[in-house]
Amino acid sequence: MATAQQQWWFCTRHNTVEGPDTDCPGKDLLGPYATREEAANALEKVKERNEEWDAQE
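This report concerns the structure included in the present document. (Residues numbered from 1 in each chain as written. Predicted model: local features only at pLDDT ≥ 70, side-chain atom pairs only at ≥ 80, totals over all residues. Heavy atoms only, no water.)

### Details of the environment of Gly26
Mapped onto the fold, Gly26 is located in the loop between strand S2 (16-18) and strand S3 (29-33). Overall, the relative accessible area of 58% leaves Gly26 in the exposed class. Measuring from C-alpha to C-alpha, the distance between Gly26 and Ala55 comes to 29 Å, with 29 residues separating the pair along the chain. (Helix = DSSP H or I, 4+ residues; strand = E, 2+ residues; numbered from the N terminus. Buried < 20%, exposed > 50% of the residue type's maximum accessible area, 1.4 Å probe, protein only.)

Written as structure tokens, this is what we have:
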């Protein structure tokens, strides 16, 4: 697992990638992710997971 200094988040309020020093509240964040690139693709990952879960129903 990544350390706090290596964690990245995706802010759904601002649609931006945020580092460990983000001021955004947890309710607006997806993550943590180990890389900035993973955080940037957070919404696509959410979409993929939702489609997988919908297919299981």
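That was the structure; now back to the text.
### Describing the environment of Asp21
Considering the arrangement of structural elements, one finds Asp21 in the loop between S2 and S3. For the pair Asp21 and Trp8, spaced 13 residues apart in the sequence, the C-alpha separation amounts to 9.4 Å.

### Digging into the state of the cysteines
This model, assessed by the stated rule, comprises 0 disulfides. Left unpaired, Cys11 is separated from the closest cysteine sulfur, that of Cys24, by 3.5 Å. (Disulfide = S-S within 2.5 Å.)

### Looking at the side chain of Glu18
Here Glu18 lies in strand S2. Here Glu18 occupies a buried position and makes no salt bridge, while the nearest side chain of opposite charge, Arg36, is found at 8.0 Å. For Glu18, the side chain forms a polar contact with the side chain of Thr16, separated by 2.6 Å. If near-sequence neighbours (up to four positions away) are discounted, Glu18 is found in contact with Trp8, Trp9, Cys11, Cys24 and Leu29. (Lys, Arg positive; Asp, Glu negative; His and termini not counted. Salt bridge = Lys/Arg side-chain N within 4 Å of Asp/Glu carboxyl O. Polar contact = N/O pair within 3.5 Å; in protein donor to acceptor, adjacent residues only side chain to side chain. Contact = heavy atoms within 4.5 Å.)

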